[in-house]
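# Breakdown of the fold
Residue strings, one per chain:
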Amino acid sequence: MLGGGSRISLHLRECSHLHLLHHYQHHHHHSFNLAPSTTAISSPHNRHQLQRMVSYTSIQSKSAGEIPIMSSDCFSQHEDDDHQLPPQEFSPVAGGIVALGKFDALHIGHRELAIQASKVGTPYILSFVGMAEVLGWESRPPVVAKCDRHRVLASWAQYCGNVTPSEFQVEFSSVRHLSPQQFVEKLSKELKVCGVVAGENYRFGYKAAGDASDLVTLCEEYGLEAYIINAVMDKKQDLRNMDLTDIKNKGQVSSTRIRQVLAVGDMKYVSELLGRRHRLMLKLKGHKVVTTSSNQQRFSAPRSCFLNLPPKTGFYKNCSLFLGNENPLTCSVVIDSTYIHLEMDGLDISSYIGSPDFQLVGVEFGD
């Protein structure tokens, strides 16, 4: 089950129809709320064959009970217009390999899932939105700002065969009450994926009733490939300081661990867990920005403009300010209880204020 990806035939990666599907998807938004399908995928006697060999070659078959292919602007113009799949029936992850997880921090453990998916097919990450609202969790800022997620995923392309994994999101409320079997059935019948990748500690289904071994068994039943990979461990975590009451915490890299390290301001450690420097996104439009002229140019903005989780209050040097497509500007950062202050030597920041590039900026923290 680990690594190799030999269980899926190579034609899944070479199939021209899957290439066209990938091209189509990358011309649309990278967030997609999936509605339940109302049409059966195939008749029972050929369901296994269709699910195991999910490709647009098989879906185009005009045999009884099979769904014809959906046409689009990216597909060849000679597609049969009489056999179009209605838009609401289209699954943006059809034919792909989906990595399963929460994907809050997009850390190095999540990246490993995407790498494995890329080895055996077109990689996607399938995440769920609205979990906090449904489960009554306290609202909290994400580790990665929503507007910055595609940049992070694009940085993974170098590890994923020069392919940027696409992210598609499912409303958690639509899957919360599904049993483990119903969840895998949804992946197979409704989302039409070829296979899944998950970590060894993955839990799924109502009240987390299913584990990784259940996922393998159910995927085999529904004709899907399942790849279970070892957890990426946090080598620096002191086991003596672990919360032993947290049964999910076995010392692996996790979004929870990254939040804890951000809370103490150890940015070198955060970078190691993320596989990149942490970038705080600021939406400055509509907020008053205060500038101070001295030997150092300094501007300040309220914490209310933060779009994701900052590190603890304090002073941070060797940081970078990203303004649109401009080259990053070296700066120092002070975060207090109400403001973030950025200081730059010998640069007139006032020339940037009011420009379109100054409406949404990123602050990246050095090691």
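Structure: above.
A quick note: this is a predicted structure, and the numbers were derived from the prediction, not measured.

### Some thoughts on the overall build of the protein
Each helix and strand counted, the protein has 11 helices and 12 strands in total. Scored against the burial criterion, the 367 residues of the protein give a buried share of 51%. When contacts within the protein are restricted to residue pairs at least 6 apart in sequence, long-range pairs at least 24 apart make up 71% of them.

### Observations concerning the pattern of salt bridges
Inspection of the entire model under this criterion finds 9 salt bridges. Two residues, Lys-236 and Glu-272, come together in a salt bridge whose shortest N-O distance is 3.1 Å. With Lys-236 in the loop between β5 (225-229) and α10 (255-264) and Glu-272 in helix α11 (residues 267-274), the pair connects residues that are 36 residues apart, well separated along the chain. Looking at Lys-236, the relative accessible area reads 48%, which means it is partly exposed. Its relative accessible area of 35% is what places Glu-272 among the partly exposed residues. Close ionic contact of Glu-343 with Arg-298 constitutes a salt bridge, the shortest N to O distance being 3.0 Å. Remark: Arg-298 occurs in strand β8 (residues 296-302) and Glu-343 occurs in strand β11 (residues 339-345); sequence separation between them is 45 residues.

### Looking at unusual backbone geometry
Even without being a glycine, Lys-192 presents a positive backbone phi close to 60 degrees. Examined against the element boundaries, Lys-192 turns out to sit in the loop between α8 (180-190) and β4 (195-199).

### Digging into the nonpolar core
Among the nonpolar cores identified, the biggest contains 57 residues, and Leu-321 and Val-333 are the most heavily contacted of them. For this core, the element with the highest residue contribution is helix α5 (residues 108-120), accounting for 6 residues. Other than its neighbours up to four places away in sequence, Leu-321 contacts Phe-299, Asn-327, Pro-328, Leu-329, Cys-331, Leu-342, Met-344, Ile-349, Val-361, Gly-362 and Val-363. By size, the runner-up hydrophobic cluster in this structure holds 30 residues, among which are Phe-128, Val-216, Leu-218 and Tyr-222.

### Considering α11
Most of α11 sits out of view: 6 of its 8 residues are buried. At its buried positions, α11 is contacted by α5, α10 and β9 (314-323). The first or second residue beyond α11 is Gly-275, which carries a positive phi of 80 degrees.

### Comments concerning the sheet that holds strand β1 (residues 97-100)
Across the sheet, 5 strands lie side by side as β3-β2-β1-β4-β5; this open sheet has parallel pairing. The sheet is open, and its two borders are formed by β3 (166-171) and β5, each paired with just one other strand. The average angle at which neighbouring strand axes cross in this sheet is 30 degrees, direction not considered. Taken together, the 3 bridges between β1 and β4 define a ladder with parallel strand orientation. Note that in β4 the partner of Ile-97 across the bridge is Gly-195. Running over the sheet, helix α9 (residues 212-221) touches β1, β4 and β5 and is turned about 160 degrees from β5.

Criteria and cut-off values
Residues numbered from 1 in each chain as written. Predicted model: local features only at pLDDT ≥ 70, side-chain atom pairs only at ≥ 80, totals over all residues. Heavy atoms only, no water. Helix = DSSP H or I, 4+ residues; strand = E, 2+ residues; numbered from the N terminus. Buried < 20%, exposed > 50% of the residue type's maximum accessible area, 1.4 Å probe, protein only. Contact = heavy atoms within 4.5 Å. Salt bridge = Lys/Arg side-chain N within 4 Å of Asp/Glu carboxyl O. Core = buried A, V, L, I, M, F, W, Y, C linked by side-chain atoms within 4.5 Å. Pairing = 2+ DSSP bridges. Axes fitted to C-alpha atoms, helices over the stretch in contact; angles between N-to-C directions.

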